[in-house]
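Observations on the three-dimensional arrangement
For reference, the chains in residue letters:
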Amino acid sequence: MKNNVYQKIASEKKGIAILIDPEKFSSVQRLTSLINKVNAARPNFIFVGGSTVTRKDFNQCLSVMKSLTKIPIVIFPGAAHQVSQEADAILFLSLLSGRNPDYLIGHHIQAVDELEKMDIEIIPTAYLLIEGGRKSAVEYVSQTNPIPSNQPNIVRKTALAGKYQGKKIIYLDAGSGAADAIPIEIIKSVNNLDLPLIIGGGIRTIANIKQAHDAGANLVVIGNKIEDDMDFLLDIANYSKVNLTGNEASV
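To keep things clear, this report deals only with the structure shown in the data block. All of these numbers come straight from a predicted model, not from anything done at the bench.

So, about the overall build of the protein chain. Scanning the protein chain from terminus to terminus reveals 10 helices and 8 strands. Taking 2.2 N^0.38 as the reference for a compact globule, 251 residues should give roughly 18 Å; the C-alpha atoms of the protein chain span a radius of gyration of 17 Å, in line with that estimate. Counting every position in the protein chain, which comprises 251 residues, the buried fraction comes to 54%. Long-range contacts, defined as pairs at least 24 residues apart, comprise 72% of the intrachain contacts of the protein chain with a sequence gap of at least 6. For the protein chain, the accessible surface area stands at approximately 11400 Å², while carbon and sulfur atoms represent 48% of it. Distance from the positive charge centre (26 side chains) to the negative charge centre (25 side chains) of the protein chain: 3 Å.

Structure follows, in structure tokens:
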């Protein structure tokens, strides 16, 4: 078994993951440039996956990434074919906010034959899509509705049900390209369930990251912002450095 990614996520207090969608970095040159900058920023994890990425682009992306970085690579799968021996772990996501059986268990069954043969850490994850101000790719592809962002009680009940099912991580996501980050009230509603908490979607500023951390997120995921502005990785590096020294981040 490879590195214990679950324990690393659980132990994080102000962790950061960079999400890379292989479909948007199909150029090896562009992907290489990104990974070099990610290495300099030194996030805790690199997540990789997307709602519509092909197996070819996915495998190529993982292969290039593995050759360029020592940062733990975690698959954030959008479909059954997004599995790879090149990764350190996979978040085995169940889309509990929706009622589409394909995303509750269907894709999982399709993936198990490959996963069973791989030396990769498999982390059962309660995945909740939260309304983010515009229709996300996840919402469209999965044909499910997000939980309204003004319903923290529904979010908490859904996350708690996931815990009782045996999920090891709670992942709240506003979706790729969300207009709004997940409200602090939503994050606080699940930060006392004794499970590691990952927050993603709509994160565009260091203030967004700090607010999510302060509300209880173990790990904050940044994706679209990096696609639009790779130099934001410099701000992330500074934020992480300040946190390591034990000082307050300037936002």
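Within the secondary structure, Ser11 is located in helix 1 (residues 5-11). For Ser11, a relative accessible area of 51% corresponds to the exposed category. Looking at Ser11, its side chain comes within polar contact range of the main-chain oxygen of Lys8, at 2.9 Å.

Here we take up the nonpolar core. Within the largest apolar cluster, 62 residues are counted, with the highest numbers of intra-cluster contacts made by Ile20, Met65, Leu128, Leu172, Ile209, Ile222 and Ile236. Residue contacts for Met65: discarding those within four places in its chain leaves Ile20, Leu31, Ile35, Ile46, Val48 and Ile73. Ranked by size, the runner-up nonpolar core spans 23 residues in total, among them Phe76, Ala89, Leu91 and Tyr127.

Further remarks concern the packing of aromatic side chains. Counting across every chain of the model gives 4 aromatic pairs. Look at Phe76 and Tyr127: their rings are 5.7 Å apart centre to centre, the planes differ by 80 degrees, and that puts the pair in the edge-to-face class. In this pair, Phe76 is assigned in the loop between strand 3 (73-75) and strand 4 (89-95) and Tyr127 in strand 5 (residues 121-129), connecting sequence segments 51 residues apart. For the residue pair Phe76 and Tyr127, the accessibility class agrees, reading buried in each case. For the pair Tyr127 and Tyr171, a centre-to-centre distance of 5.4 Å together with 85 degrees between the ring planes defines the contact as edge-to-face. Of this pair, Tyr127 sits in strand 5 while Tyr171 sits in strand 6 (residues 169-173), and the two are 44 residues apart along the sequence. The structure contains a cluster of three or more aromatic residues connected by ring pairs, namely Phe47, Phe76, Tyr127 and Tyr171. A cation over a ring is seen here: Lys168 above Tyr6, with NZ or CZ 5.7 Å from the ring centre.

Before going further, it helps to examine the environment of Glu114. Within the secondary structure, Glu114 is located in helix 4 (residues 101-116). Once residues lying within four places of it in the same chain are set aside, the contact partners of Glu114 are Arg55 and Val83. Engagement of the side chain of Glu114 in a polar contact is seen with the side chain of Arg55, the distance being 3.3 Å.

A separate point is the sheet that holds strand 3. Within the closed barrel, the 8 strands sit side by side as 1-2-3-4-5-6-7-8. Their pairing is parallel. On average, each strand axis in the sheet is inclined to that of its neighbour by 30 degrees, with strand direction left out of account. The pairing of strand 4 with strand 5 spans 7 bridges and is classified as parallel. Note that in strand 5 the partner of Ala89 across the bridge is Glu121. This element, helix 6 (residues 152-165), spans strand 5 and strand 6 of the sheet and lies at about 160 degrees to strand 5.

Thresholds, definitions, all that
- Residues numbered from 1 in each chain as written.
- Predicted model: local features only at pLDDT ≥ 70, side-chain atom pairs only at ≥ 80, totals over all residues.
- Heavy atoms only, no water.
- Helix = DSSP H or I, 4+ residues; strand = E, 2+ residues; numbered from the N terminus.
- Rg over C-alpha atoms; globule rule 2.2 N^0.38 Å.
- Buried < 20%, exposed > 50% of the residue type's maximum accessible area, 1.4 Å probe, protein only.
- Contact = heavy atoms within 4.5 Å.
- Areas by Shrake-Rupley, 256 points an atom, 1.4 Å probe, with all protein chains shown as cover.
- Lys, Arg positive; Asp, Glu negative; His and termini not counted.
- Charge placed at Lys NZ, Arg CZ, Asp CG, Glu CD.
- Polar contact = N/O pair within 3.5 Å; in protein donor to acceptor, adjacent residues only side chain to side chain.
- Core = buried A, V, L, I, M, F, W, Y, C linked by side-chain atoms within 4.5 Å.
- Phe/Tyr/Trp six-rings, centres within 6.5 Å; stacked < 30°, edge-to-face > 60°.
- Lys NZ or Arg CZ within 6 Å of the ring centre and 35° of its normal.
- Pairing = 2+ DSSP bridges.
- Axes fitted to C-alpha atoms, helices over the stretch in contact; angles between N-to-C directions.

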